[in-house]
Amino acid sequence: MFGLGGGTCSYQEITETDVILLWGSNAREAHPIFFHHLLRGLDNGAAMYAVDPRRTSSAEFADVWLGLDVGTDIALSNTVAREIIARRMHNQSFIDHATTGFDAYAESVEPFTLDEGERLTGVPAEAIAEMAHTYATADRAQILWTLGITEHHTAVENVLSLCNLALLTGHVGRRGSGLVPLRGQNNVQGGGDMGALPDRLPGFQPLTDPQVRARYESTWGCELNPVPGKHLTAMFDAMEAGELRALYVIGENPADSEANVAHARKLLEGLDLLVVQDISLTRTARMADVVLPAAAGWASSEGTVTSSERRVQRVRAAVPPQGDARDDVHIISELAAHMGTQWPATSAQELWDEMRSLSPLHGGMSWERLEASGGLQWPCPHDDHPGTEFLHSWLWEPDLDGRAPAPFSVVVHRPPAEALSEQFPLRLTTGRVLDSYNTGAQSAGYSSPIRSGDAIEISPADAADLGLAEGDTVRVSSPRGSVDMHVHVTDRLPTGLVFTTFHFPELVDANLLTNDAWDVRSGTAEFKAAAVRIDPLPAATAATGGTFGTAAAGSTSGVAAAGGAGG
Amino acid sequence: MADLHFSDAEPTASERRAVLAALSVTSERDGAVVFEHPRVVRAGMQRRRQLRHQLLPALHALQREAGWISPGGLNFVGRTLGVPPAEAYGVATFYEMFRTEAPAHELSVRHVCVDPICALAGAAPLAEHLRSQGHAVHEGPCLGQCERAPATFIQGRREPDRVPADGSGPDSLLVSLTATTPEAPSLLRHMIGRDRDHSDPVSIQVYRERGGGAALDAALRLGTDEVIAQVTAAGLSGRGGAAFPTGIKWRAVADGDGPKHVVANIDESEPGTFKDRLLCELDPLAIIESIAVAGLTVGAEHGWIYIRGEYPLATQRLRHAIAQARSAGWLGDDAAGSGQPFDIELRRGAGAYICGEETALFNSLEGFRGEPRNKPPFPTTHGLFGRPTVVNNPETLLNVNEILRIGPEAYRSVGTEGSPGTKLFCLSGHVGRPGLYEAPFGVSLGELLELAGGVQGTLAAVLLGGAAGSFVGPDAEALPLSLEDTRAAGTTLGSGPVMVFNDTADMSAVIERLAKFFRDESCGQCVPCRVGTVRQHELVTQIRRAGSPTEPQRELLGDIADAMGDASICGLGHTAASAVLSGMRLGLLEAQES
Amino acid sequence: MSSGNGSTTSQVTVSIDGHEVTVPLGQTILAACTAAGVDTPTICWAPNLTPVNVCRVCVVELEGSRTLVPACSRPAEDGMQISTDSERVRHSRRMVLEFLDSANDLSQATEITAWSQHYGADAGRYGSAVNDAAEVEISQVDDPVRIQDDLYIRAYDRCVLCYKCVEACGDDAQHTFAIAVAGRGFDARIRTEYDVELPESACVYCGNCVAVCPTGALQFRTEFDLRAVGEWRPDDQTVTRTVCSYCGVGCNLELHTQDDQIVKVTSPADHSVTSGHLCIKGRFGWQYVHAPAFEPPAADTSASEGPSPDNTGS
C-alpha cells in the first residue's frame, strides 16, 4: 500500500496498540503465533473489534464481534468513514498534510449513513457507530486482515477501503498504528518481493519502468520483455481462449485449489503440455506430462523467506531431500542449462547477493547479517541500516520526505458476484482451521487429534429449517457442482450462512462449489462467497463416509500449497 | 482469555437457578459473552476479568444445590463467567468444602474437627456417633470453635449451613481484664452492638443511640493524615500474627493511586483461634464501621469481607449489618457523607487454611486458587486485583475504633511499651473455662490461665500461637505475653490462641496431628513446603511408632525445618515446623510412661 | 509516542558474593548472577515465561531479609548484598533437590540431577516405601504414563509441579488454559477438568507445554518411542534453525535431527516472532518431509526406491 506491498507494522506493535480491528481474519487459527502477540496486546488493555461473517475463534477474544453479511466490507468501511466524518472525528490536520482526494472520498461515502450501513451489512447501526468512534479516537490503532478481505471479486477495493480508514484517522505511519495484511503462506510476501508477480521485478520494482529494467538487463546480460505477464486467473482465461497451451506449475495445486475447480481441471486437461514441480504427487501433478520432484524448501534447502512483518529470515537444510527430489534452484538451473544457458550463480548466497545488488529494499541485508540476526525487516537499504519496524513514517514528515501525498480511493460497494436465489438460497463461505493447511499436501502428513474433517457448518436456525441434525449427511450444491458432506451445527454462524474448509480435497472437493468470479486487479477469485443449496441425503447414498480426520491422518495423498489469494 | 471449550455436560435446571441466584448476571447469555443481537456479540478480556471474582460464590451455590461441583454445573459457571473449565476445576479442587465427585447420598455434611483440642474432647467418638445415626460425616481441620470442643459444622445440602452449637450463649466465655474505666481500651467491654438480653445483635438505630458510629464520625472529622497519625502514635500492630505496624500499612495505601481496596481478613483458620468469629457474631456493625473507617481513611472505594466458610452465623450477621449500613448511608456512593464512594462485599471462603495468608486470600477472592504470591511486591502496592490494598483482621480494625474513641495516649496506657493496648486470647483445652479473654499485652501466661479457671490437672505444655506457633513447658507460666517477650523467648503469640494440655494428653499424637495439619493444608505451590510438610509428617509418624527420635531423625527434622523456614514462599511453610521442633525439644515426642 | 526510543535505561549495582555487578533496572537477581558469571540452578524459571518462583531452587541469601529470596523473580535493587553460596543457600538448594528426588522420577531430568550431585542431595535419607523399618510409607508421586494420541505423552510421576506447562498453555503464551493445577498440597497435579483425556479438553496441541517441561513429564511421542527402544541419542542429534513452512508469520524452528530424520521441533525462546512458542502445524506438521512423496509409476519401480547413490549425477 502506498507503493509498497507489505504490512506497515511489526508484530511487536500489536502488543502496544490501543484498538485492533480484526477484519476478515481468523488469525487465532490461521496465524496462531501472530495471535500470541495480539493476545499480549489484549492483555495490555487493547480493545478489539472482530469483523467477520462468522463468530470465529478469533472473534471470541474480541470485545465486540460484528457479523456482517459476506461481501459487504466496503459498505461497512464506508459507513464507518461517513460516521467518523459526520462526527468530526477524522484527523483533519493529517488529511491536509499527507493525503489527497479527501473531498471526493467524503462525498462518495456520504450516502452510507448508519441506517444504510445497517441495511447493507446486517450489522446494527449502534455497533457500527461504536466501532467507528473507538477506532477514530484511539491513540494508536491497527487494522488487520486476511483472506476475508481479499478473496472477493472486489479484493483490491476492499483493501483500499481499509486504507481509507487509516488515512482518515492518521492511523498509519506511526509506531503502534497501521495496516496489516496477514500473509497466508510462509513466503507469499517474499515471493512478491522477489518479483513473482506479473508486473514486478525483484525488490517490488515495476517491470514497466525502463530505468529499472535497464539495471536488471545490464546485470543479467539479456533483454527483458517489458510487457507484464499474466496472473494465475488470467492464465486460466487464456487457456480457455486457447492462447495458453503449455503450463509450468511450481509448488501450486490448482487442480484442487482453484475456485470452480471442475472448470479449472478441464482447462488443465486441455493443455498441450503440463509440467509440475512439487514436493508431492498432487492432483495437478498426477495430471502432468512431466513431474519434477522438489525438495521441501524449508527443511532441505538453503535460502530465505519473508514474513508478514517484512522480516527476511534464513531457511536451512536439515534433512536430505527424499528420493529423487531436488532443490527448486537446482531444478530450474538444470532446465536453463538444457535450454542452453549456464547460470553462473547457483548457491543460495550467490543468488541472494545478486538480488540485493539490484533491490534497494534488500541492499543492506548481507548473508552474514541474516545469519547472525533473527532476520531483518525491509526496507534495509545499506549495511548499517537496522531494518525498518514500521512503514510510511514519511507521512508525518514536514515535507513528506519529498514524496507525493497518499491518495484516498473512492470505492464502490458491489455485492458478491453470485446473488442468492430461490434455487441457491444459502451463502457459502470458506476458510481455514487450526490444524490443517490449504489442500493438505503438508498437513495431511501428521496425525492431528483435533482434526475434524470438512463438515458443512450451518446455523441452528437453518439446520432446523432443513430438518438437519449434527452429523447428518447432505449434498451441498452450487451452480457449478455438488459435494456430499456431514453437517455440523454451530451458533457461530448467523442464519443464512454456511461454511466449510478446503483442506481435504481428496475427500470433500469443496472447490467444486466456489465461485471463480475474480477481481480484475488482483486476479483473486471469490472463494468467500458462493450461493448454495443443501439437500439432505439418506446416509447410505453419501459419497463420503467415515471420519474424514481419521481417513486423512497419515495419508500421503494430500496435495501441495493451495492457490488462494495470499493477500 | 481463553479458548473456551466445554464438554457436552449440561447443568440441571436447579443448578442453573442456584448459580444465577448467586451471581450478578441474569443469564448465561449475559455474562462473559453477551449475545446482544444476532450480529453483535460482546465478549473479551475486560468482561471476563470483571466476572472472575464471582467464581467462588458460584461454586458455593453449586455445592449447596447438588452436593458437588458437577461437570454440567462447572460448565455452566465457566460459560457464564468466562472461566476455562480446567481452571475452574483447579479452583474447586483446592477447597475442603467442595467435592468434585458425586456424593453417594443427598445429605447435608457434618464436618467434625479432628485437630488437637477437639481430638482431646472426643472428636473421634463424636464422628463415630454421628455416622451411626446415619449422618454424612467429614472429618477435617479446625472449625474455629475450640472453646466448645468437639466442634461440628453442618454444610447444608439445599439448606443453609449451620453450626449446631450456635446460640448456646457465648457470654460466659467473654472475659476482659481491661478497661476498668471507659477511657481505657477494651474491645470486649465496648462491644456496644451486642445485645446482652437477646441472641441477635442490635439494630443500627440502637447501635447509634449507644454511641455507635463515633469512630466513623471521628475519622471523617480528623481526615486521612490525622487518623493515620493517631493509629501510628498508638503503636497499633496487626493482630493476625505478623504484628505489622498498622499505621505504616495504611499510610502506604493512602499514598497509592486508586482504585484501592480494604479487605477484612476473617479467614482465621489457625487451630485454636476463634476470636474474630465471636467479634463478628456479637458486634457486626462495629466490624462494618471499622472497615468503613479504614476505607474512607485510605481512600479505597471497595471494601471486602473474606470470611471462613465455616462461620455461617457470623456471615449472616455481617450481611445483615452491611444491609443496615447501606440503608443508613454509611456505605454507598457518598459513604457516611464523606463525598467518597465506599461499599462492602462479602465473600465466603471454602475451607483452606492458606487463605488466611493475605496474598492467598486475594487470589481466592479473585477466583483463583488460593496460592500465596511472592512478596515483594506487597499488598500496599500490589494487593487485591493488583491494586493498593489494606488487609487487616477484625481485631486490628476494632482497635482502630478504640484509638479513635479514646486517643492514642489513653490507648497506650495499657500494654507494654513495645506492645501497646490489649490482646484477645483464645483459651482452649485443659482449662476451667475455655473462651475468649482480653488482657493487656504483657499479662503473664500464668495469670491468663488463672483467669480461665486454671489448668485442669497437671500442666504438660501450652501451645502458643496455634499450629504455626510453638510449645512452651510448665516453666513458662511467668512469661509475659507481649510481642517482644515472646519473641525473646523464642516463641510467638500468633493470632492469640493458647492451647493447654495436661499430662493426660498424648503429646506425640498432638504433634503428629499438627504435622498432618500442615501436610493437608500446604497449598502445594512451592517445593519446600509441599514435600517438606509430607516428609516431616512421615518422620514424626515414624518417631512416634518407634517411641523416640534417633539422632539422624532429629537432624533430619531440623534440616527440613530450616529449608521450609528459609525457602518457602509464605508464612505457612515458614512456620510449619515450629510446633513440631519445639515439641521435640521439650521432649514431647518421647513415648510417655503410662 | 516515542517512549522507549533511545532513552538510556537506568542501572542498578548489586554485590554478588562480594563482587559488584551492574544490570539494567528491572532485571532480576538471577540476571545479575548470570552477569556476574555465577551459575544458578533453576527448574521453574524459563526465559520466555513469567517467573512463578515455586521451585525455590534458585534461592539466594539477601542481606537484611529474614528468609532466603528467589533469584528468578526478585528484582535487583541498588546496593543489594547477595550470597549465592552460603551455608543457608546450599542447605535450602540441597533440600529442594532432595525433596524432589524423594518424590519424583527424575531419571530424565538431567539438569536437575546434575545439580543434585553438585549440592550433595541424598533422597535416601527419607527411607523408602519398601524397606522402612517403622513401616511408614514414604509418599511419592505415582501416576501411570498417559498415551492418548500420536503427538505427546504425559508421565506425571516425573512432574515436579513447576507450573511451566500451565503458564505456557495459559496467559504466558497460548491462552488456551486446557490444563491447570488441581488438588492441593502433595496431591496437587496438573489436570484437565475432571482429568478428561486431552482430545476431549480444550487442548489444541501446540506442544508449548512439552517444550518447556524440565523433567520429561511431557514428552513428544517421537522422543518417547525412540527412548522406548533405546534409540534416543541426544549426542548424535543436530539442531538446524529454519523457518516454518506453514502460514506467513515466519516462526523460527529448530529441527532436531538424528540419522537424517527430524525427531523433535522446538523454537528459540529468544526469537522475537515466537518467543519459543509454536502452533500444532509448526510443532508437529513436519512428518510429510519424511513421507515417500512420489509413488513411482508402476512400470518404473526399479529405478528410484529409497536414496539411490547415483542421484547426484542425474
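*Asks:* Please explain the overall build of chain B as it appears in this structure.
*Replies:* Assigned secondary structure in chain B consists of 22 helices and 15 strands. In terms of overall dimensions, chain B is globule-like: its C-alpha atoms have a radius of gyration of 24 Å, near the 25 Å expected for 594 residues. Each of the three principal axes of chain B carries a C-alpha extent, and together these read 80 × 55 × 45 Å. Here chain B, with 594 residues, has 62% of them falling under the buried criterion. For chain B, restricting intrachain contacts to residue pairs at least 6 apart in sequence, the fraction spanning at least 24 positions comes to 74%.

*Asks:* Explanation requested: the domain arrangement of chain B in the structure shown.
*Replies:* A common way to report how large an interface is uses the accessible area buried once the components associate. Residues and elements named next belong to chain B. Partitioning chain B into structural domains gives domain 1 (13–92), domain 2 (109–155), domain 3 (204–411), domain 4 (422–502) and domain 5 (507–585). On the side of domain 3, 11 residues touch domain 2, which itself brings 11 residues to the contact. Residue classes in the side of domain 2 that touches domain 3 are distributed as seven nonpolar, two polar and two charged.

*Asks:* Help me understand the interface of chain C and chain B in this model?
*Replies:* With 47 residues of chain C at the interface, the matching set in chain B holds 44 residues. Taken together, the elements giving at least two residues each to the side of chain C that touches chain B come down to α2 (87–103) and β8 (180–182) of chain C. Looking at the side of chain C that touches chain B element by element, the count peaks at nine residues for α2 of chain C. Counted by class, the side of chain C that touches chain B contains 27 nonpolar, 13 polar and seven charged residues.

*Asks:* What should I look at first to understand the sheet that holds strand β6 (residues 146–147) of chain C in this one?
*Replies:* The strands making up a sheet associate through backbone hydrogen bonding, with each pair oriented either parallel or antiparallel. All names here are of chain C. The strand order across the open sheet formed by three strands is β6-β7-β10, and the pairing between neighbours is antiparallel. Both edges of this open sheet fall to β6 and β10 (218–220), since each of them pairs with a single strand only. By the bridge criterion, two bridges tie β6 to strand β7 (residues 152–154) in an arrangement that is antiparallel. Bridge pairing links Ile147 to Ile153 in β7. Against the sheet, helix α6 (residues 221–228) makes contact with β7 and β10, and its axis sits at roughly 85° relative to β10, the strand it touches most.

*Asks:* Sorry, what's going on with unusual backbone geometry here?
*Replies:* Where the residue is not glycine, phi is negative for most of them; where a peptide bond is considered, it is trans in most cases. For the bond from Trp378 of chain A to Pro379 of chain A, the omega torsion is 0°, close enough to zero to count as cis. You can see Pro379 of chain A is positioned in the loop between β14 (376–377) and β15 (406–407). In this model, Lys375 of chain B is joined to Pro376 of chain B through a cis peptide bond whose omega is -5°. Note on placement: Pro376 of chain B falls in the loop between α14 (358–365) and β10 (389–392). Non-glycine residue Phe204 of chain A carries a positive phi angle of around 60°. Along the chain, the position of Phe204 of chain A falls in the loop between β7 (200–201) and β8 (205–206). Phi angles above zero are rare outside glycine, and Arg158 of chain B is one such case at about 55°. With respect to the element layout, Arg158 of chain B can be found in the loop between β5 (152–155) and β6 (174–176).

*Asks:* What is the right way to read the packing of helix α7 (residues 114–121) of chain A against helix α8 (residues 125–137) of chain A from this model?
*Replies:* In a packed pair of helices, the relevant descriptors are the angle between the two axes and the axis-to-axis distance. All names here are of chain A. Remark: α7 packs on α8, axes separated minimally by 8 Å, with the N-to-C direction vectors making an angle of 115°. What the angle tells us is that α7 and α8 run roughly perpendicular. Viewed along their axes, α7 and α8 form a crossing whose handedness is right-handed. Along its contact with α7, which presents Leu114, Asp115, Gly117 and Glu118, the element α8 presents Ala125, Ile128 and Ala129. Its residues assigned to classes, the contact of α7 with α8 comprises four nonpolar, one polar and two charged.

*Asks:* Would you explain the domain arrangement of chain C in this entry?
*Replies:* Residues and elements named next belong to chain C. When its domains are assigned, chain C resolves into domain 1 (10–126) and domain 2 (146–290). Centre-to-centre, using C-alpha coordinates, domain 1 lies 26 Å away from domain 2. In the side of domain 1 that touches domain 2, the residues fall into 12 nonpolar, four polar and two charged.

*Asks:* Is there a simple way to think about the nonpolar core in this case?
*Replies:* Generally speaking, nonpolar side chains in soluble globular proteins are found buried as a group. Val77, Ala292 and Leu448 of chain B are the most contacted members of the largest nonpolar core, which totals 374 residues. Broken down by element, the residue count for this core peaks at 10 residues, all from helix α12 (residues 284–298) of chain B. The residues contacting Leu448 of chain B, other than those within four sequence positions of it, are Phe425, Tyr437, Ala439, Val443, Leu481 and Val498 of chain B. Grouped together as the second largest cluster of nonpolar side chains are 45 residues, Val261, Leu281, Ala288 and Ile456 of chain A included.

*Asks:* I tried to follow helix α5 (residues 85–92) of chain B on my own but got confused; where do I start?
*Replies:* Working note: α-helix, 3.6 residues per turn, so residues spaced by three or four point in the same direction. Most of α5 of chain B sits inside the fold, with eight of its eight residues counted as buried. All of the buried residues along α5 of chain B are Pro85, Ala86, Glu87, Ala88, Tyr89, Gly90, Val91 and Ala92 of chain B. The inward-facing, buried residues of α5 of chain B contact α3 (55–66) and α4 (71–81) of chain B together with β8 and β9 (189–191) of chain C.

*Asks:* Is there a simple way to explain the environment of Phe220 of chain C in this structure?
*Replies:* Residue and element names in this part refer to chain C. By the element assignment, Phe220 lies in strand β10. The class of Phe220 is buried, set by 21 C-beta atoms lying within 10 Å. Sequence separation between Phe220 and Ile153 is 67 residues, and the spatial gap between their C-alpha atoms is 6.4 Å. In this view, Phe220 contacts Tyr152, Val210 and Lys264; residues no more than four positions away in its chain are not counted.

*Asks:* I'm lost on the interface of chain A and chain C in this one. Help?
*Replies:* With 53 residues of chain A at the interface, the matching set in chain C holds 52 residues. Only α1 (11–14), α3 (32–43), α11 (188–193), α17 (297–300) and β13 (311–315) of chain A provide two or more residues apiece to the side of chain A that touches chain C. In terms of residues, the side of chain A that touches chain C owes the most to one element, α3 of chain A, which gives six residues. Broken down by class, the residue content of the side of chain A that touches chain C amounts to 25 nonpolar, 20 polar and eight charged.

So, how was this worked out
- Residues numbered from 1 in each chain as written.
- Chains lettered and ligands numbered in written order.
- Predicted model: local features only at pLDDT ≥ 70, side-chain atom pairs only at ≥ 80, totals over all residues.
- Helix = DSSP H or I, 4+ residues; strand = E, 2+ residues; numbered from the N terminus.
- Rg over C-alpha atoms; globule rule 2.2 N^0.38 Å.
- Buried ≥ 20, exposed ≤ 12 C-beta atoms within 10 Å, placed from the backbone.
- Contact = placed C-beta atoms within 7 Å.
- Domains from an automatic or database assignment.
- Nonpolar A, V, L, I, M, F, W, Y, C, P; charged D, E, K, R; others polar.
- Pairing = 2+ DSSP bridges.
- Axes fitted to C-alpha atoms, helices over the stretch in contact; angles between N-to-C directions.
- Parallel < 35°, antiparallel > 145°, perpendicular 65-115°, else oblique.
- Left-handed = near helix turned anticlockwise from the far one by under 90°.
- Core = buried A, V, L, I, M, F, W, Y, C linked by C-beta atoms within 7 Å.

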